Amino acid sequence: RLATMLHAVWVVLFVSLAPAFIAKLPSSALAGVLIVTGIHLVNFRPMIQAIAQNWRVAWPWPATAIAVIGTDLLRGLAIGLALAMISAVPNRGSRPVN
């Protein structure tokens, strides 16, 4: 985990100290780096296990991924957060009467 934190520090330093250089890079190259980095940061095994065990609980994960790909990062995460909040309130409004 130290390597991950140091990587984040290097990225922040590079972005803050060399914006003119970054502006000259093609957007597609930056997008490719972002995609590869994001894929390496995600641990897919627990997500696949959770989806296989209980789809009703885990469905916001793939929905968030689709929303991020279909829109942009911020909107996709907002959609995923809203879906997770909706799924966290099961059977809302249908409480059994005792």
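Residues numbered from 1 in each chain as written. Predicted model: local features only at pLDDT ≥ 70, side-chain atom pairs only at ≥ 80, totals over all residues. Heavy atoms only, no water.

This next bit is on helix α7 (residues 73-87). Along its 15 residues, α7 runs 21 Å from first to last C-alpha, staying within 8% of the 21 Å computed at 1.5 Å per residue. Where α7 starts, the residue carrying a side-chain oxygen 3.4 Å from the main-chain nitrogen of L74 turns out to be D72. (Helix = DSSP H or I, 4+ residues; strand = E, 2+ residues; numbered from the N terminus. Expected span 1.5 Å × (residues − 1). Polar contact = N/O pair within 3.5 Å; in protein donor to acceptor, adjacent residues only side chain to side chain.)

The subject of this paragraph is the packing of aromatic side chains. Per the counting criterion, the structure on display carries one aromatic pair. Taken together, a centroid distance of 5.9 Å and an interplanar angle of 80° make the contact between F14 and F21 edge-to-face. Here F14 falls in the partly exposed class, since its relative accessible area comes to 40%. Using a relative accessible area of 46% as the deciding quantity, one classes F21 as partly exposed. (Phe/Tyr/Trp six-rings, centres within 6.5 Å; stacked < 30°, edge-to-face > 60°. Buried < 20%, exposed > 50% of the residue type's maximum accessible area, 1.4 Å probe, protein only.)

Moving on, we get to the side chain of T64. Here T64 shows up in helix α6 (residues 60-70). T64 has contacts with G76, L77 and G80, leaving out every residue within four places of it along the chain. (Contact = heavy atoms within 4.5 Å.)

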